[in-house]
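Chain by chain, the residues run as shown.
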Amino acid sequence: MVELALPPSDAHAAVRLRGVTKVYDNGTVALGPLDLNIRKGEFVSLLGSSGCGKSTALRLIAGLIAPSAGTVDVAAQSSSQAIGFVFQEPTLMPWSTIRENVRLPLKLAHMPDAQSSARVDEALAQVGLADFADAYPRELSGGMKMRASLARALVTEPDILLMDEPFAALDEITRFRLNNDLLTLWRELGKTVIFVTHSVFESVYLSQRVVVMTSRPGRVSAECRIEAAEPRDDAFRTSVAYAGYCRDVSQALMQASDAQVSAAKAQA
Amino acid sequence: MKGLEPLPSVDRASAMPGSIVWPVVVFIAGIVLWDLVVRIGEIPPYLLPGPLLVFKTLIADWPILSESLGVTLLTALEGFIAAAIGGIALALLFNQSKWLEYALLPYAIVLQVTPVIAIAPLMLIYLPQQTAVVVCAWIVAFFPVLANTTLGLNSVDRNLVGLFQLYRASRWQVLRYLELPAALPFILGGLRIAGGLSLIGAVAAEIAAGAAGAGSGLAYRISESSYRLNIPRMFAALLLLSVAGIVIYMLLALVSHGLLRRWHESALRKEK
Ligand SMILES: Nc1ncnc2c1ncn2[C@@H]1O[C@H](COP(=O)(O)OP(=O)(O)OP(=O)(O)O)[C@@H](O)[C@H]1O
Ligand SMILES: [Mg+2]
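Residues numbered from 1 in each chain as written. Chains lettered and ligands numbered in written order. Predicted model: local features only at pLDDT ≥ 70, side-chain atom pairs only at ≥ 80, totals over all residues. Heavy atoms only, no water.

1. A few points about the overall build of chain B
Put simply, the rule is: Secondary structure elements follow DSSP: runs of H or I of four or more residues count as helices, runs of E of two or more count as strands, with numbering from the N terminus. Contacts are residue-level and defined by heavy atoms, with any inter-residue pair within 4.5 Å sufficient. The charge count treats Lys and Arg as positive and Asp and Glu as negative. His and the chain ends do not count. The location of each charge is read from NZ of Lys, CZ of Arg, CG of Asp or CD of Glu.
Summing up its helical and strand segments, chain B has 11 helices and zero strands in all. The order of α-helices and β-strands along chain B, N terminus first, is α-α-α-α-α-α-α-α-α-α-α. Seen along its three principal axes, the alpha-carbon backbone of chain B occupies a region of about 80 × 75 × 25 Å. Relative to all contacts within chain B whose residues are 6 or more apart in sequence, the contacts with residues 24 or more apart total 73%. Side-chain charges of chain B comprise 18 positive and 14 negative groups, with the mean position of each set lying 7 Å from the other.

2. Side note on the site of ligand 1
Residue and element names in this part refer to chain A. The line we're drawing: Throughout this document, a residue counts as near a molecule or strand when at least one of its heavy atoms sits within 4 Å of that molecule or strand. Nitrogen and oxygen atoms within 3.5 Å of one another constitute a polar contact, given that in protein one can donate a hydrogen and the other can accept it, and given that sequence-neighbouring residues count only through two side-chain atoms. Calculation of accessible area relied on Shrake-Rupley with a 1.4 Å probe; when residues are assessed, cover is drawn exclusively from the protein chains displayed. Each residue gets one label: Ala, Val, Leu, Ile, Met, Phe, Trp, Tyr, Cys and Pro are nonpolar, Asp, Glu, Lys and Arg are charged, and the others, such as Gly, are polar.
Taken together, 15 residues surround ligand 1, and among them Ser50, Gly51, Lys54, Ser55 and Thr56 come closest. At 2.9 Å, a backbone N or O of glycine 53 approaches an oxygen atom of ligand 1. Here an oxygen atom of ligand 1 and a side-chain polar atom of threonine 56 are 2.5 Å apart. With the chains in place, 71% of the 630 Å² that ligand 1 exposes on its own is no longer accessible. With three residues, the top contributor of residues to the shell around ligand 1 is helix α1 (residues 54-62). Counted by class, the shell around ligand 1 contains three nonpolar, nine polar and three charged residues.

3. Some details on the domain arrangement of chain A
How big an interface is tends to be stated in terms of the accessible area lost upon association of its parts. All names here are of chain A. The condition is simple: The split into domains, and so the bounds of each, comes from an automatic or database assignment of domains. When two parts are put together, the accessible area they lose, computed with a 1.4 Å probe and summed over both, is reported as buried area. In the sections that follow, a salt bridge refers to a side-chain nitrogen of Lys or Arg positioned within 4 Å of a carboxyl oxygen of Asp or Glu.
Its domain assignment divides chain A into domain 1 (1-82 + 158-251) and domain 2 (93-157). With 14 residues of domain 1 in contact, the opposing surface of domain 2 contributes 13 residues. Buried area between domain 1 and domain 2, both sides added, is near 1100 Å², and the carbon and sulfur share of it is 68%. The largest share of the area that domain 1 buries against domain 2 comes from Gln81, Pro158 and Leu185, three residues that together contribute 41% of it. In this assembly, domain 1 and domain 2 are joined by zero salt bridges. Applying the counting rule to domain 1 against domain 2 returns zero residue pairs in polar contact (both at pLDDT 80 or more). When residues of the side of domain 1 that touches domain 2 are traced back to their parent elements, those giving at least two are β7 (160-164) and α5 (172-189). Counting residues per element, the side of domain 1 that touches domain 2 draws most heavily on α5, which supplies five residues. Among the residues forming the side of domain 1 that touches domain 2, the class breakdown is eight nonpolar, two polar and four charged.

4. Notes on the coordination of the magnesium ion (ligand 2)
All names here are of chain A. For clarity, the threshold we go by: For Na, K and Ca the donor cut-off is 3.2 Å; for every other metal, N, O and S atoms count as donors within 2.8 Å. Water does not enter the count, which can leave sites looking incomplete. Per-residue accessibility, obtained with a 1.4 Å probe over protein chains only, is compared with the maximum for each type, and a residue is labelled buried under 20%, exposed over 50%, and partly exposed between these values.
Looking at the magnesium ion (ligand 2), the protein donor atoms are Ser55 (OG) and Gln88 (OE1), and they sit 1.9 to 2.3 Å from it. On the criterion of sequence distance, the pair formed by serine 55 in helix α1 and glutamine 88 in the loop between β6 (83-86) and α2 (98-108) is long-range, its members being 33 residues apart. Take glutamine 88: its relative accessible area is 35%, and that puts it in the partly exposed class.

5. Description of the pairing of β6(A)
All names here are of chain A. Spelled out, the test is: Two strands qualify as a pair provided DSSP detects at least 2 bridges between them.
Alternating residues of β6 divide into Ile83 and Phe85 and Gly84 and Val86, and every residue in both groups is buried. Two strands pair when backbone bridges link them, and β6 and β7 are joined in this way by four bridges, in the parallel orientation. Opposite isoleucine 83, over in β7, you have isoleucine 160 as the bridge partner.

6. Notes on the interface of chain A and chain B
Taken residue by residue, the interface counts 30 residues in chain A and 21 residues in chain B. Summing both partners gives a buried area of about 2300 Å² for chain A against chain B, and 62% of it is carried by carbon and sulfur. Here chain A is connected to chain B by five residue pairs in polar contact (both at pLDDT 80 or more). Counting only elements with at least two residues in the side of chain A that touches chain B, the list comes to α1, β6, α2 and α4 (142-154) of chain A. With four residues, α2(A) is the single largest residue contributor to the side of chain A that touches chain B.

7. Re unusual backbone geometry
At A:Glu165, a position not held by glycine, the phi torsion is positive, near 40 degrees. Relative to the elements of secondary structure, A:Glu165 occurs in the loop between β7 and α5. What makes A:Glu165 buried here is its relative accessible area of 10%. For B:Glu42, which is not a glycine, the phi torsion comes out positive at approximately 50 degrees. With respect to the secondary-structure elements, B:Glu42 resides in the loop between α2 (18-41) and α3 (51-60).

8. Some thoughts on the packing of helix α6 (residues 116-126) of chain B against helix α7 (residues 129-153) of chain B
Residues and elements named next belong to chain B. Formally: Angular values range over 0 to 180 degrees, each being the angle between N-to-C directions of two axes fitted as lines to C-alpha atoms, with helices fitted over their stretch in contact. Angles are sorted into four bins: roughly parallel if under 35 degrees, roughly antiparallel if over 145, roughly perpendicular if 65 to 115, and oblique for all others. Each crossing gets its handedness from the near helix: less than a right angle anticlockwise from the far helix is left-handed, clockwise is right-handed.
For the pair α6 and α7, interaxial distance at closest approach is 9 Å and the crossing angle is 150 degrees. Classified by the angle their axes make, α6 and α7 are roughly antiparallel. The chirality of how α6 crosses α7 is right-handed. Facing Val116, Ile119, Ala120, Met123 and Leu124 of α6, the residues of α7 in contact are Gln129, Ala132, Val135, Cys136, Ile139 and Val140. For the contact of α6 with α7, the class distribution of residues is 10 nonpolar, one polar and no charged.

Set out below in structure tokens:
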């Protein structure tokens, strides 16, 4: 079962997974055992190869699926709006306009439209979609849909933001811009962000800590702290320190898959 | 300036709405062929009346036929509304409780697979005639609504379900904001089928009722004309029935298009 509160001793923990495994109904062992501690206000990236269980880990943290073993603790879960989730696909309702899609979380919390409109407009402006509020999802490009999905996750002002490869489908320029916007939001609002990505570069640029996962079933293979000067900006992208971190994380990622290969060889 | 002129024939042909032109062409060709067969073969009107005679009969008998048409349409409409409400309501019930679905679905299927023409005489014994006819229209029409609505309610994007779960939406909110809108295209598809079927059900029951005695719907006019060998009137009534069926279908298609126009693939025009 997902416990909705952490013990009081751990006032700084936002998310804690202990020995979490997930076996899907069809017998796929997708995850674990996974141990993960994330502090309040931390920006952590989960990095791993395709199919290693990153999305599964996020779904577990969000409480959308239950772990097969182990415990998932998430702090400050009193309200239904404490977690924002950006799914790997945009996941918009095709029958509603972008504005109504973004308004959904507030609507589900019974907030009257008159009251929610300002927050919806603000969230749309944050992701640069103010001009497309009345468009339908099919009228938007893939990247714009993703930004709409991000606006929806932000509109409740959640404490914890779970993001599943939100920018994977975007062009570099837009991605860089949204990376910066995300960092600004994170700094200003002090949210805890768990960010899933395939990209070594993106994970290094954004996070304070990169958690490198083994291939399926995903476990923590290595953790890299990125102790770069804040605030980060485009200058960081071209810095020597950045290149160094990218090299370290790449190596860790390579080792994660090598370890897998040698383990498989040992088994054979 | 030759190079700037639009390519003549090809473009205009592609601009013509083929969905209207071709059925009309086939229709006219069919009428002409029918007329030729009757004239050249010198077929007597009590075997096969020509199109002109059918049309004349339609005008001459309009008072009787229009009244009968009204009766049949009203029956079909009542059956259709009952089917729409019953089919959607039952699908919603099934959606709320798997047990209800297991318990009731087999009987819905039994109703569906038993030919209505075989049920109608029974209904006419137990129910007042007009009610029996409506019930038959309902029996024929409700299953596609039920089946399509159920399919629609079960076809919701799994991630959207997760999203609603994340924000702790109530059962009612999930239904209202997620499942019903997602099911709408399916429900409308079911209703489109049900519209035609309710007419078929009404006619089948009217024919059974007509054989039993009283009756004044279009189907009754058809069997009555057949006894009296008034074949032109039979054709006129038949013509009215098919026109009614087409109009019902087009009306429902129009409603469906209007409701889905903004977002559903089926109703979107192809990008030029
Ligand atoms: N609903 C499900 N039922 C059964 N197996 C599943 C389900 N969802 C995911 N899996 C399996 O679990 C494993 C992990 O899936 P997951 O989606 O978590 O991977 P991922 O790390 O997010 O991959 P990607 O980077 O490609 O998105 C995969 O092998 C996948 O086949
Ligand atoms: Mg994934």
